[in-house]
Amino acid sequence: MITLADNELLRVFSYINGSWHSSEKDIAVTNPATGEEIARVSDITAEETILAVNAAKAALPSWSAKSANERAGILRKWFELMMANQDDLGQILTMEQGKPLAEAKGEIAYGAAFIEWFAEEGKRIYGDTIPAPSRDKKILVIKQPVGVVSAITPWNFPNAMIARKAAAALAAGCTFVVRPASQTPLSALAMAELAERAGVPAGVFNVVVGSDAQGIGEVLTQHPDIAKFTFTGSTGIGKKLIAQCATTVKKVSMELGGNAPFIVFDDADVDAAIQGALVSKYRNAGQTCVCTNRIFVQQGVAKEFTEKFAKAVADLKVGNGLDTGTDIGPLISSKAASDVKALVVKSLEQGATLLTGHEPTDMPDQFLAPMVLTNVSNDMAIAKNEIFGPVSPIIVFDQEADAIAMANDTEYGLAAYFYARDIGRVWRVAEALEYGMIGINEGIVSNAAAPFGGVKQSGNGREGSHYGLDDYLEIKYLCMGGI
Ligand SMILES: NC(=O)C1=CN([C@@H]2O[C@H](COP(=O)(O)OP(=O)(O)OC[C@H]3O[C@@H](n4cnc5c(N)ncnc54)[C@H](OP(=O)(O)O)[C@@H]3O)[C@@H](O)[C@H]2O)C=CC1
Ligand SMILES: O=C(O)[C@H](O)CS(=O)(=O)O
């Protein structure tokens, strides 16, 4: 069981209109490290989800009528409460998602940073005055909240993916209904408890928890009172949800899958590149959409990089996220682990070599030892698919142009990374890579001040930064005549 300093943070009912809503059935939440049941949460139906949409609609006029300063004060208090309860929130997150506790606490700070950021950004929603084509008119542009926002979020960042969306929506004056992944509802419900303590009014922030992903999803993508839908998850599900949103022409923003290249050029600082590749690849056991998915190493540094990197990977400790010293926790499920292993087996059959990462024999199958594959080509299964696990395929290349071509040869375009020190090369490669975010001599690019998002089939829209508000605002043009 979970033992907390503040047991009120362990909530098991959906949060609708400022109240905890119990449903007829419930679902188990299990610890992916041990398989033990840690809680049973109420299993909301699609029909009951409409209650949350109604609450968000009813709360919209008063919330959007508040001043930016008033909303900022409440969001600031929510940020402060998230940080004050970081230990409890981190423990809840590790228990339901599996990541090492230090990473979980880091995620709490990362999620809270978006609330802090947008508390201030909400005060800077500016309009325009535009010189009119004739003297008898005045042209003005104002920005207004889009309205009720719905969201579906994944299990890999059960706090930050909600905070990143809700903070921008609430700062813009919108109201919000979110369905978290059924594997990780507890973090979302703890956020609702703290939102209430912060003074977020009833109906402004609603969390619906249920196993009927399809049915609840249809409400959140098709209800006529919802103006905008935002999703983080797989590209396949994202496409399905975009299509569902088309029936009522909702605004959509999508943070979908990735296939990040990590390119190490001959002029790179190899030791820095190794550290960058480790954090970019093995964060959250490789279960992030911006994790390095393919490592491209130029011929001149291939031997040095591969030997040093493989040694560093072999030193990573696999274990329960609550145990001190754990670098890599369990994957979210044994199925997820078997999907990763299937990609490895397929690629070995295609000619790859397993350099390091033989599975730990004494742990359940949702634990995977970090692996390094060599003799990999860009057309192998491990390079064509989003791995979402602790596996590093290394592809050796000769010419800069070859690396760029291989890096871009994917339907994804979320994050990319490269290590080089020649300024001409840095500009050539940065401009040629077809990705929304590029780490240059850096393996971690995500923060609240920067625009997070991708191109191609990695999604649309941006989250974080001052760009992150745009998706929650409508532009209104006022034409004043008879002047
Ligand atoms: N870009 C990213 O950050 C992420 C990418 N992924 C990618 O997706 C792959 C599969 O992971 P998975 O968790 O299954 O990702 P999914 O995209 O299947 O799930 C993400 C969220 O969508 C929900 N969902 C699933 N199907 C539907 C539906 N038909 N209607 C409405 N909501 C739905 C899930 O609910 P529930 O969990 O209850 O089924 C979850 O809350 C990963 O291996 C990875 O490649 C996954 C997570 C995040
Ligand atoms: O969806 C994800 O994997 C996250 O957006 C990655 S990050 O924002 O934590 O880098």
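Residues numbered from 1 in each chain as written. Chains lettered and ligands numbered in written order. Predicted model: local features only at pLDDT ≥ 70, side-chain atom pairs only at ≥ 80, totals over all residues. Heavy atoms only, no water.

The name that an unreviewed UniProt entry assigns to the protein is NAD-dependent succinate-semialdehyde dehydrogenase, with the source organism given as Thalassotalea litorea.

A few words on helix H6 (residues 186-198). Its 13 residues place the ends of H6 18 Å apart at the C-alpha level, agreeing with the 18 Å of an ideal helix rising 1.5 Å per residue. Counting buried positions along H6 gives 11 out of 13 residues, so the element sits mostly inside the fold. The first or second residue beyond H6 is Gly199, which carries a positive phi of 100°. (Helix = DSSP H or I, 4+ residues; strand = E, 2+ residues; numbered from the N terminus. Expected span 1.5 Å × (residues − 1). Buried < 20%, exposed > 50% of the residue type's maximum accessible area, 1.4 Å probe, protein only.)

What follows deals with the packing of aromatic side chains. With the rule as written, the count across this model stands at 11 aromatic pairs. Look at Trp78 and Phe205: their rings are 5.2 Å apart centre to centre, the planes differ by 65°, and that puts the pair in the edge-to-face class. Remark: Phe205 occurs in strand E9 (residues 205-207) and Trp78 occurs in helix H2 (residues 68-84); sequence separation between them is 127 residues. You can call Trp78 buried: its relative accessible area is 0%. The ring of Phe157 has Lys99 lying over it, and the distance from NZ or CZ to the ring centre is 3.8 Å. Arg164 extends its terminal NZ or CZ atom over the ring of Phe452, reaching a point 3.9 Å from the ring centre. (Phe/Tyr/Trp six-rings, centres within 6.5 Å; stacked < 30°, edge-to-face > 60°. Lys NZ or Arg CZ within 6 Å of the ring centre and 35° of its normal.)

Around ligand 1, the structure places 25 residues, and the nearest of them are Trp155, Arg179, Ser182, Leu256 and Glu386. Between an oxygen atom of ligand 1 and a side-chain N or O atom of Trp155, the distance comes to 2.3 Å. Starting from 860 Å² of accessible surface for ligand 1 in isolation, the protein chains cover 80%. Mapping ligand 1 onto the cavity grids shows that it belongs to the largest pocket. Secondary structure elements with two or more residues in the shell around ligand 1: helix H7 (213-222), strand E10 (226-232) and helix H8 (235-246). In the shell around ligand 1, the residues fall into 11 nonpolar, 10 polar and four charged. Split by domain, the shell around ligand 1 shows at least three residues from each of two domains, domain 1 (7-257 + 457-479) and domain 2 (260-409 + 415-448). (Near = heavy atom within 4 Å. Polar contact = N/O pair within 3.5 Å; in protein donor to acceptor, adjacent residues only side chain to side chain. Areas by Shrake-Rupley, 256 points an atom, 1.4 Å probe, with all protein chains shown as cover. 1 Å grid on protein atoms, 1.4 Å probe; cavity = no way out; pocket = protein on both sides within 12 Å on 5 of 7 lines; lining within 4 Å. Sits in = over half its atoms within 2 Å of the grid points. Nonpolar A, V, L, I, M, F, W, Y, C, P; charged D, E, K, R; others polar. Domains from an automatic or database assignment.)

Within the secondary structure, Val146 sits in the loop between strand E6 (138-145) and strand E7 (148-152). The sequence separation of Val146 and Thr175 amounts to 29 residues, and the corresponding C-alpha distance is 9.3 Å.

Let's shift gears to the confidence of the model for the protein. Of all residues in the protein, 99% attain a pLDDT of 70 or more, and the chain-wide mean is 97. Both scores are available for the predicted complex, with the pTM at 0.97 and the ipTM at 0.94. (pLDDT = per-residue confidence, 0-100.)

Here we take up the sheet that holds strand E5 (residues 128-130). Here three strands make up an open sheet; going across it, the order is E5-E6-E20 and the pairing antiparallel. Each edge of the open sheet is held by one strand with a lone partner, namely E5 and strand E20 (473-480). With direction set aside, neighbouring strand axes in the sheet form an average angle of 25°. Here three bridges tie E5 to E6, and the two strands are oriented antiparallel to one another. (Pairing = 2+ DSSP bridges. Axes fitted to C-alpha atoms, helices over the stretch in contact; angles between N-to-C directions.)

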